[in-house]
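What the coordinates show
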Amino acid sequence: MAFTSLAERDPIMVDLAKQVAAKLTGTCESGPEVIIDRYFEAQAGAEDNPSFLHEFDRIIFCCTVCEYWFDQNQNANPGYDHDNPWMCRECKRDE
Ligand SMILES: [Zn+2]
């Protein structure tokens, strides 16, 4: 069986994740459900969809210190674990 990418299997959720991430970046909203409720009402509950979450976490993260949302390329601790929670470069520098 040929490998199919997530985008091919679930294009609606992948596209939604990109759009939600774009609206969240630079804000300190509590989570994607806030943005989905506000702008994507027809997709209510999508924040629990595994395809959505996978794509969303690949694009964006919430800094555990300042609690703002950043593009993953700003993540000073991209390999998530308990000792190195996701953190933006600014907060990492002030650590
Ligand atoms: Zn931060």
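Structure: see above.
Residues numbered from 1 in each chain as written. Predicted model: local features only at pLDDT ≥ 70, side-chain atom pairs only at ≥ 80, totals over all residues.

With that settled, consider helix α2 (residues 11-24). For α2, spanning 14 residues, the distance from its first C-alpha to its last is 20 Å, which sits close to the expected 20 Å at 1.5 Å a residue. What α2 keeps buried is the set M13, V14, L16, A17, V20, A21 and L24. When α2 is viewed along its axis, its buried side chains cluster within an angular range of 160 degrees and face the same direction. Across from the buried face of α2, at angles greater than 90 degrees, the exposed residues are P11 and I12. Residues of α2 that are buried in the fold lie against α1 (6-9), α3 (32-39), α4 (50-59), β1 (60-62) and β2 (69-71). Looking one or two residues beyond α2, the residue adopting positive phi is G26, at roughly 85 degrees. (Helix = DSSP H or I, 4+ residues; strand = E, 2+ residues; numbered from the N terminus. Expected span 1.5 Å × (residues − 1). Buried ≥ 20, exposed ≤ 12 C-beta atoms within 10 Å, placed from the backbone. Arc of directions from axis to C-beta. Contact = placed C-beta atoms within 7 Å.)

What follows covers the packing of α2 against α4. Their axes nearest at 8 Å, the elements α2 and α4 cross at an angle of 40 degrees. With respect to α4, the axis of α2 lies oblique. Considering how the two elements wind past one another, α2 and α4 form a crossing that is right-handed. Packed against α2, whose contacting residues are M13, V14, L16, A17, K18, V20 and A21, the element α4 presents S51, F52, E55, F56 and I59 at the interface. (Axes fitted to C-alpha atoms, helices over the stretch in contact; angles between N-to-C directions. Parallel < 35°, antiparallel > 145°, perpendicular 65-115°, else oblique. Left-handed = near helix turned anticlockwise from the far one by under 90°.)

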